[in-house]
Amino acid sequence: MLFYSFFRSLVGHQVVVELKNDLSIYGTLAFVDQYLNINLTSISTTEPCKYPQLTNIKSCFVRGSVIRYMQLPGDEVDTQLLHEATRKENHF
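For every chain, the first residue of the written sequence is number 1, and numbering continues from 1 onward in sequence order. Where local features are concerned, this predicted model is filtered to residues with pLDDT of at least 70; where side-chain atom pairs are given and counted, the filter is 80 or more; whole-chain, interface and lining totals use all residues. Side-chain measures here rest on the full set of heavy atoms in the structure, leaving out hydrogens and waters.

Engineer: Even after reading the chapter, I still don't get the overall build of the protein chain, so can you show me in this structure?
Structural biologist: Each helix and strand in the protein chain was counted, giving 2 helices and 5 strands. Ordered by position from N to C terminus, the α and β elements of the protein chain give α-β-β-β-β-β-α. Partly exposed describes any residue whose relative accessible area lies between the buried limit of under 20% and the exposed limit of over 50%, with all areas from a 1.4 Å probe on protein chains only and scaled to the type maximum. Relative to its full complement of 92 residues, the protein chain shows a buried share of 33%. We call two residues contacting when some pair of their heavy atoms lies within 4.5 Å. A separation of at least 24 residues holds for 46% of the contacts in the protein chain among residues at least 6 apart in sequence. Accessible surface for the protein chain amounts to roughly 6,300 Å². Of this, 54% is attributable to carbon and sulfur atoms. In this text, helices come from DSSP runs of H or I with a minimum length of four residues, and strands from runs of E with a minimum of two, each type numbered from the N-terminal end. Every accessible area reported is derived by Shrake-Rupley at a probe size of 1.4 Å, with residue values counting cover from the shown protein chains alone.

Next comes the structure, spelled out in structure tokens:
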């Protein structure tokens, strides 16, 4: 539940999602569920020449199991709060 709560706090922020098939999508995080499935709006790909079919898509749903990495806005992440929550979760 720690990561779910953390990602919910980032709804409305710009993120870059790298999928397991090496596709990277830049967009606004609109929704996340408990399985870390996400919905992105205002999307674009970091390589439009390689994926021209994605230039007309404005939003997408990404299943959590196909996400490799998610790059988050550094200035929006409260690392101190995340460290404290991690310590509390490990003590149970």
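Engineer: So what exactly am I meant to see when it comes to the nonpolar core here?
Structural biologist: As a rule of thumb, nonpolar side chains are buried together in soluble globular proteins. The term nonpolar core refers to a set of buried residues drawn from Ala, Val, Leu, Ile, Met, Phe, Trp, Tyr and Cys, joined through side-chain atoms within 4.5 Å. Val17, Leu19, Ile25, Ile38, Leu40, Ile67 and Met70 are the most contacted members of the largest nonpolar core, which totals 20 residues. At the level of elements, α1 (2–8), β1 (14–19), β2 (24–32), β3 (38–45), β4 (59–62) and β5 (67–71) are the ones that each hand at least two residues to this core. Beyond its immediate sequence surroundings of up to four residues, Ile67 is in contact with Val17, Glu18, Leu19, Lys20, Leu36, Ile38 and Val62.

Engineer: For this particular structure, what's the right way to read the sheet that holds β3?
Structural biologist: Either a parallel or an antiparallel arrangement is found when strands of a sheet pair, and the pairing is made through backbone hydrogen bonds. Here a strand pair is declared whenever DSSP counts at least two bridges between the two strands. Spatially, the 5 strands line up as an open sheet ordered β4-β3-β2-β1-β5, and their pairing is antiparallel. Only two strands of the sheet have a single partner each, and these edge strands are β4 and β5. Averaged over all pairs of adjacent strands, the angle between strand axes in this sheet comes to 40°, irrespective of strand direction. Axes here mean lines fitted to C-alpha atoms, for a helix over just the part in contact, with angles spanning 0 to 180 degrees between N-to-C directions.

Engineer: Where do I start with the side chain of Asn37 in this structure?
Structural biologist: Tracing the backbone shows Asn37 in the loop between β2 and β3. When neighbours within four sequence positions are excluded, Asn37 is seen to be in contact with Phe31, Val32, Phe61, Val62, Arg63 and Gly64.

Engineer: Whenever I open this one, the side chain of Ser24 confuses me. Can you help?
Structural biologist: Locating Ser24 in the fold gives a position in strand β2. Residue classification places Ser24 among the buried residues on the basis of a relative accessible area of 14%. The contacts of Ser24, once residues within four sequence positions are left out, are Val16, Val17, Glu18, Ser44, Thr45 and Thr46.

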